[in-house]
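As a plain string of letters, each chain reads:
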There are 2 protein chains.
Amino acid sequence: MLEEANTERADLPSDRRAARTQATKDEILEAAWELVRKHGLAALSLRELAARVGMRAPSLYQYFPSKLAIYDAMFGQASRAALDAMNGDLPADRHEAMRTLAHRVFGFATSDPVRAQLLFQRTIPDFEPSPESYAPSVEMSARLGDVLAEYGFDDPDAADLWTALVGGLIAQQLANDPGGTRWARLIDRTADMFVDRMGPRNRAPRKKGK
Amino acid sequence: MLEEANTERADLPSDRRAARTQATKDEILEAAWELVRKHGLAALSLRELAARVGMRAPSLYQYFPSKLAIYDAMFGQASRAALDAMNGDLPADRHEAMRTLAHRVFGFATSDPVRAQLLFQRTIPDFEPSPESYAPSVEMSARLGDVLAEYGFDDPDAADLWTALVGGLIAQQLANDPGGTRWARLIDRTADMFVDRMGPRNRAPRKKGK
DNA sequence: GTCTATATGTGGATAGAC
DNA sequence: GTCTATCCACATATAGAC
């Protein structure tokens, strides 16, 4: 009964090994981000990735079971970063709050286009994020719902309209003026437009006729 | 490739050959659309494409110099189709006109997701549309500017805001509810919101404070 | 335990036979 | 104009060296 179980105290070799394995995985992911930023999201090559961390391609399979698993881990990192970027206190004023929120999401997305592409577009064949990697995105949706409710946006379509507005600004900025400010300048006006249309006082004002 | 300008007389063998070549190119492109609709835009395989038109892969190079050239020809077809979809008379009423325009673009984009992906997202590594294939898209932008001016939207940001709004609705619909109507239902409200905010009477009404 | 060597299958692309 | 044969890069899987 005195055999040393491998799953006990800290400082056991197995724990150190796990930590080292995790460190290597992080190093691989960091190199993967550099490569996709350089060559594009779909152009990730395992050979080139392995070379960048001083390995041969097959050795990567000791850390990730497939190329799609690497994309999934990257998705998880991006998803968590998006959630972090969205968090933080918001001004009490409704207009200022939604402006601030829009700027946070816009800034996060445009600061790293390939990360945004991985998160918000489904462009890699056969890739679908695992539930674990997707969880922060789900929490983001819930967070948005909380914020909208807190500021009095009780229209059930408010969240969908908001994501369309902010996502539209981001997509146009990335596609047609990467690195510029052509759509960034429209953030405040768009947020105000949303608040004025969907806010508690001015619910659903439509055109006069009809 | 618009090499149909052989500048000779009609009915010459070279013309008949050119016509037949063009017919084969069209057949290849039609098969390519079927494949990308089936397997995804990035998963187009020349071998499978050739088999679908009764050839071997190398024979495709008699009609297109590369795989990217096939994507480019597809982009040209999609671009022309988008321009056609946008055309047509519009109601005199400003609200109705912008609603109609939004529905046309939205319907075009959501009716064929891979076509929209090829047109509006830059997802294929190293692919950039040629000036010839891109020309209809340029004309579309000009057309939008004409329409906005005609209906009195003289704010220089009106076109950029409009593309962001409509593009945002389309992107969300395709990404999060393909085949559904979750964002389609928001088109009229979004168009009205745009008109009320950017129209001649109500230019740039911002929040009261500040 | 960690990596390399090797093998398989698929991809785009080219050369040359017919 | 289409084919066969081939090349090179790729992801992937397995066996075995250390």
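Since the structure is predicted, the reported quantities are computational estimates derived from the model, not experimental observations. Counting from 1, residues in each chain are numbered in the order their sequence is written. Whichever chain is written first becomes A and whichever ligand is written first becomes 1, with later ones labelled in order. Local features in this predicted model are restricted to residues whose pLDDT is 70 or higher, and side-chain atom pairs enter the listing and the counts only when it is 80 or higher, whereas totals over whole chains, interfaces and linings include all residues. To get the side-chain values, all heavy atoms of the structure are used, and hydrogens and water are removed first.

**Some words on the interface of chain A and chain B**
Note: interface size is frequently given as the accessible area lost on complex formation between the parts. Residues count as neighbours in contact if any of their non-hydrogen atoms are within 4.5 Å of one another. At the junction of the two partners, chain A supplies 38 residues and chain B supplies 39 residues. Counted as salt bridges are all cases of a side-chain nitrogen of Lys or Arg within 4 Å of a carboxyl oxygen of Asp or Glu. For Arg 189 of chain B, the salt bridge goes to Asp 155 of chain A, with nearest N and O atoms at 3.0 Å. N or O atoms closer than or at 3.5 Å make up a polar contact, with two conditions inside protein: a donor-capable atom paired with an acceptor-capable one, and, for residues adjacent in sequence, both atoms drawn from side chains. If you look at where chain A meets chain B, you find 12 residue pairs in polar contact (both at pLDDT 80 or more). Put simply, the parts of the chain that give the side of chain A that touches chain B at least two residues each are helix H4 (94-110), helix H5 (113-120), helix H7 (158-176) and helix H8 (187-198) of chain A. Top element by residues in the side of chain A that touches chain B is H7 of chain A. It accounts for nine residues. When the residues that make up the side of chain A that touches chain B are grouped by side-chain class, the tally is 14 nonpolar, eight polar and 16 charged. Strands are runs of DSSP state E lasting at least two residues, helices are runs of H or I lasting at least four, and both sets are numbered from the N terminus onward. The nonpolar class holds Ala, Val, Leu, Ile, Met, Phe, Trp, Tyr, Cys and Pro. Asp, Glu, Lys and Arg form the charged class, and all remaining residues, Gly among them, are polar.

**Looking at the protein's contact with DNA strand C**
Taken together, 14 residues form the shell around DNA strand C, and within it Arg 17, Ser 59 and Tyr 63 of chain A together with Leu 46 and Tyr 61 of chain B come nearest. Being near a molecule or strand, for a residue, comes down to having at least one heavy atom within 4 Å of it. Counting only atoms of DNA strand C within 4 Å of the protein, the fraction found in sugar and phosphate groups is 65%. Gln 62 of chain A is positioned with one of its side-chain polar atoms (N or O) 3.4 Å from a base nitrogen of DNA strand C. Broken down by class, the residue content of the surface near DNA strand C amounts to six nonpolar, four polar and four charged.

**A closer look at the side chain of Ser 79 of chain A**
Residue and element names in this part refer to chain A. Within the secondary structure layout, Ser 79 lies in helix H3 (residues 67-86). In this structure Ser 79 comes out as buried when scored by relative accessible area, which is 0%. Ser 79 has contacts with Leu 119, Ser 133, Tyr 134, Pro 136 and Ser 137, leaving out every residue within four places of it along the chain. Three labels apply to residues, based on accessible area from a 1.4 Å probe with only protein chains included: buried if under 20% of the type maximum, exposed if over 50%, partly exposed otherwise in between.

**Side note on the packing of H3 of chain A against H5 of chain A**
All names here are of chain A. Fitting a line to C-alpha atoms yields each axis, with helices limited to the stretch in contact; the angle taken between N-to-C directions then spans 0 to 180 degrees. Put simply, H3 and H5 touch, their axes get as near as 9 Å, and they point 100° apart. As far as their axial angle goes, H5 and H3 are roughly perpendicular. Across the interface between the two elements, Tyr 71, Met 74, Phe 75, Ala 78, Ser 79, Ala 81 and Ala 82 from H3 touch Arg 115, Leu 118 and Leu 119 from H5. Grouping the constituent residues of the contact of H3 with H5 by class yields eight nonpolar, one polar and one charged. Under this scheme an angle from 65 to 115 degrees is roughly perpendicular, one under 35 degrees roughly parallel, and one over 145 degrees roughly antiparallel; angles in between are oblique.

**Some thoughts on the domain arrangement of chain A**
All names here are of chain A. Taken as a whole, chain A is organised into domain 1 (2-64) and domain 2 (72-198). For each domain, the first and last residues come from an automatic or database assignment. Computed over C-alpha atoms, the centres of domain 1 and domain 2 are 30 Å apart. Contact residues are listed per partner, giving seven residues for domain 1 and 11 residues for domain 2. Roughly 890 Å² of surface becomes buried between domain 1 and domain 2 when both sides are summed, with 77% attributable to carbon and sulfur atoms. The term buried area denotes the loss of accessible surface (1.4 Å probe radius) that occurs when two parts are joined, taken as the sum for both partners. Looking only at domain 1, the three residues that lose the most surface to domain 2 are Leu 29, Trp 33 and Leu 41, adding up to 68% of its buried area. Summed over the shared surface of domain 1 and domain 2, the number is one salt bridge. Among the ionic pairs, Arg 37 bridges to Asp 112, the shortest N-O distance being 2.3 Å. Here domain 1 is connected to domain 2 by two residue pairs in polar contact (both at pLDDT 80 or more). Looking at the side of domain 1 that touches domain 2, its residues break down into six nonpolar, no polar and one charged.

**Let's talk about the protein's contact with DNA strand D**
Around DNA strand D, a shell composed of 16 residues is seen, among which Ser 45 and Arg 47 of chain A together with Ser 59, Gln 62 and Tyr 63 of chain B lie nearest. Here, DNA strand D places atoms within 4 Å of the protein, and 70% of those atoms are sugar or phosphate. Between DNA strand D and Leu 44 of chain A, the relevant distance is 2.9 Å, taken from a phosphate oxygen to a main-chain nitrogen or oxygen of the residue. A distance of 3.5 Å separates a phosphate oxygen of DNA strand D from a polar side-chain atom of Ser 45 of chain A. For the surface near DNA strand D, the secondary structure elements donating two or more residues are helix H2 (46-52) of chain A together with helix H1 (13-39) of chain B. Broken down by class, the residue content of the surface near DNA strand D amounts to eight nonpolar, four polar and four charged.

**Structural notes on the environment of Asn 176 of chain A**
Residue and element names in this part refer to chain A. Mapped onto the elements, Asn 176 comes out in helix H7. Classification of Asn 176 as partly exposed rests on a relative accessible area of 40%. Between the C-alpha atoms of Asn 176 and Ala 57, which are 119 residues apart in sequence, the distance is 36 Å. In contact with Asn 176, not counting residues within four places along its chain, are Arg 182 and Trp 183. At 2.7 Å, the side chain of Asn 176 forms a polar contact with the side chain of Gln 172.

**Some remarks on the nonpolar core**
Grouped burial of nonpolar side chains is what soluble globular proteins tend to show. Of all hydrophobic cores here, the largest spans 122 residues; its most connected members are Phe 194 of chain A together with Phe 194 of chain B. Considering each element in turn, this core owes the most residues, 10 residues, to helix H3 (residues 67-86) of chain B. Leaving out residues up to four positions away in the same chain, Phe 194 of chain A has contacts with Met 98, Leu 148, Phe 153, Ala 158, Leu 161, Trp 162, Leu 165 and Gly 199 of chain A. For our purposes a nonpolar core is just a set of buried Ala, Val, Leu, Ile, Met, Phe, Trp, Tyr and Cys residues, chained together by side-chain atoms within 4.5 Å.

**A word on the pattern of salt bridges**
Under the definition given, this model contains 22 salt bridges over all chains. Among the salt bridges present, the one from Arg 99 of chain A reaches Asp 192 of chain A, with a minimum N-O distance of 2.6 Å. Placement of the pair is Arg 99 of chain A in helix H4 and Asp 192 of chain A in helix H8, with a sequence separation of 93 residues. Judged by relative accessible area, which is 0%, Asp 192 of chain A ranks as buried. Here Arg 185 of chain A makes a salt bridge to Asp 157 of chain B, at a shortest N to O gap of 3.5 Å. Placement of Arg 185 of chain A in the loop between H7 and H8 and of Asp 157 of chain B in the loop between helix H6 (131-150) and helix H7 (158-176) is noted, with the two residues assigned to different chains. Taking relative accessible area as the criterion, Arg 185 of chain A reaches 48% and is therefore assigned partly exposed. Judged by its relative accessible area of 10%, Asp 157 of chain B falls in the buried class. Salt bridges here are not isolated pairs; linked through shared partners, they connect Glu 96, Arg 99, Asp 188 and Asp 192 of chain A.

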